[in-house]
Amino acid sequence: MVKKSTRHAARAPAQNPTLIDVAGVAGVSPITVSRALNRPELVSPAAREKVFAAVRATGYVPNMLAGGLATSKSRLIAIFVPTIANSIFADTVQALMDSLTAEGYQTLLGLTGYSSEREEQLLDAILGRRPDGIVLAGTLHTDESHGKLRNAGIPVVEIWDLSDTPIDMQIGFSHEQVGIEVALHLYQRGYRRFSLLSLDDARGLRRSRSLMAELAVHGVRDVSIEIMPAPATLATGREGLKRILARHDLPEVVVCSSDTIAEGVLAEAASRGIRVPDELAVMGFGDLSSAAQVFPALSTVRVDGARIGQLVAKALLARFNDSNPHPSPLRIDTGFRLIERATTK
């Protein structure tokens, strides 16, 4: 006779714990759990800690799709920027995420790699999740992306740029005006032999074209430009200066599309014994935290990225609370400022 085993089978772990499971572990009501996860400001600190501890203990993952179906809100904001590596976008992204998180929204960050086609692919992936809003760096999109965003029926904010054909809201500055003011600034200081070093990025190239057009107005037409592949790195700047020196006489000034590239130019110039700014002046863009710390300290263009992020969050939150089915368009010019340091004279 076969004896039956007296050993009990191991109990399988609970699958897909629910909000009710979390409430039971925390010793609070399900509505308190929901509020703690979605509107934490409505729940006391003690209750929030109980809920968060129960979430960790149960491994609970909120069903965002179910919540969206119930409330017509996903509380998800998608943010698309070209890159976050050595990025001038970092302050904007951080301020935006901090502001939205404080209001109970979650953020999803997508990297486009300066590609409109990649941006379109990311939009296809995220629009099916019905985000409450989308933030895009720049105003240049594919025709398909334009159509999808206009038909999505959700707030869209284009940042770090301005155009005459906004999809919805725009918060940024004129890259053409940056080019004009940099050209005037350097021309008035006596520079006549210019080289430009830009990523293959639409915004950087627009600044470069605008700068060249303004210089041409003042009779400076022999301007060289080197276009480098993304991303912006110190190596990109070093290679860029090597190309300039291999193809042209030493210019009086190199204008770079980012501080990171400009810092690479400084490194290459130092390795060749080129004195900055006496033999070669260098101008960056972005005023990264490192710009004032390199030697010589880098002249650049300052954009208040953190303020842009805060304004974007404010605009989105205002739109979410606006019951008007046809809200007024929003366009905020945040401007920029030229910062003169030791790399120009």
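As a starting point, this report considers the structure included with it.

About the cut-offs
Residues numbered from 1 in each chain as written. Predicted model: local features only at pLDDT ≥ 70, side-chain atom pairs only at ≥ 80, totals over all residues. Heavy atoms only, no water. Pairing = 2+ DSSP bridges. Helix = DSSP H or I, 4+ residues; strand = E, 2+ residues; numbered from the N terminus. Axes fitted to C-alpha atoms, helices over the stretch in contact; angles between N-to-C directions. Contact = heavy atoms within 4.5 Å. Left-handed = near helix turned anticlockwise from the far one by under 90°. Nonpolar A, V, L, I, M, F, W, Y, C, P; charged D, E, K, R; others polar. Buried < 20%, exposed > 50% of the residue type's maximum accessible area, 1.4 Å probe, protein only. Right-handed = clockwise from strand over helix to strand, strands pointing away. Phe/Tyr/Trp six-rings, centres within 6.5 Å; stacked < 30°, edge-to-face > 60°. Lys NZ or Arg CZ within 6 Å of the ring centre and 35° of its normal.

Examining the sheet that holds strand 9 (residues 281-283)
Piece 1. One open sheet holds the 4 strands; their spatial order is 7-6-8-9, and the pairing between them is parallel. The sheet is open, and its two edges are formed by strand 7 (224-228) and strand 9, each paired on a single side. Here the average twist between neighbouring strands, direction ignored, is 15°.
Piece 2. Looking at chain direction, strand 8 (residues 253-256) and strand 9 are connected through 3 bridges and run parallel. Counterpart to Val 253 in the pairing with strand 9 is Ala 281.
Piece 3. In the packing of helix 8 (residues 175-188) onto the sheet, contacts are made with strand 6 (194-199), strand 8 and strand 9, and the angle to strand 8 comes to roughly 165°.
Piece 4. In the packing of helix 10 (residues 234-247) onto the sheet, contacts are made with strand 6, strand 7 and strand 8, and the angle to strand 7 comes to roughly 145°.

Observations concerning the packing of helix 1 (residues 19-26) against helix 3 (residues 45-58)
Piece 1. In contact at an axis separation of 8 Å, helix 1 and helix 3 are set at 120° when each is read in the N-to-C sense. Once helix 1 is placed against helix 3, the crossing between them reads as right-handed. Contacts between helix 1 and helix 3 involve Val 22, Val 25 and Ala 26 from the former and Lys 50, Val 51, Ala 54, Val 55 and Thr 58 from the latter.
Piece 2. Grouping the amino acids of the contact of helix 1 with helix 3 by side-chain chemistry returns 6 nonpolar, 1 polar and 1 charged.

So, the pairing of strand 7
Piece 1. Going residue by residue along strand 7, you find Ser 224, Glu 226 and Met 228 tucked away on one face and Ile 225 and Ile 227 left uncovered on the opposite face.
Piece 2. Read as a crossover between parallel neighbours, the route from strand 6 over helix 9 (residues 202-217) to strand 7 is right-handed.

Side note on the packing of aromatic side chains
Piece 1. Counted according to the given criterion, the structure contains 4 aromatic pairs.
Piece 2. An angle of 40° between the planes, with centres 6.3 Å apart, marks the rings of Phe 173 and Phe 285 as tilted. Linking Phe 173 in the loop between strand 5 (169-172) and helix 8 with Phe 285 in the loop between strand 9 and strand 10 (300-302), this pair joins segments that are 112 residues apart in sequence. Accessibility classification places Phe 173 together with Phe 285 in one group, the buried group.
Piece 3. Among the aromatic side chains, those forming a connected cluster through ring pairs are Phe 89, Trp 160, Phe 173 and Phe 285.
Piece 4. We note Arg 75 situated over the ring of Tyr 105; from NZ or CZ to the ring centre the distance is 4.2 Å.
Piece 5. Over the ring of Tyr 187 we find Arg 192; its NZ or CZ atom is 3.7 Å from the centre of that ring.

As for the sheet that holds strand 5
Piece 1. The strand order 2-1-3-4-5-11 describes an open sheet built from 6 strands, whose pairing is parallel. In the strand order of this sheet, the two ends are held by strand 2 (106-111) and strand 11 (330-333), each with one partner. The average undirected angle you get between the axes of adjacent strands in this sheet is 15°.
Piece 2. Note: strand 4 (residues 156-159) against strand 5, 3 bridges, orientation parallel. Note on strand 5: the bridge partner recorded for Ile 159 is Ile 171.
Piece 3. Contacts between helix 6 (residues 116-127) and the sheet are confined to strand 1 (76-81), strand 2 and strand 3 (133-137), with strand 1 contributing the most and set at about 170° to the helix.

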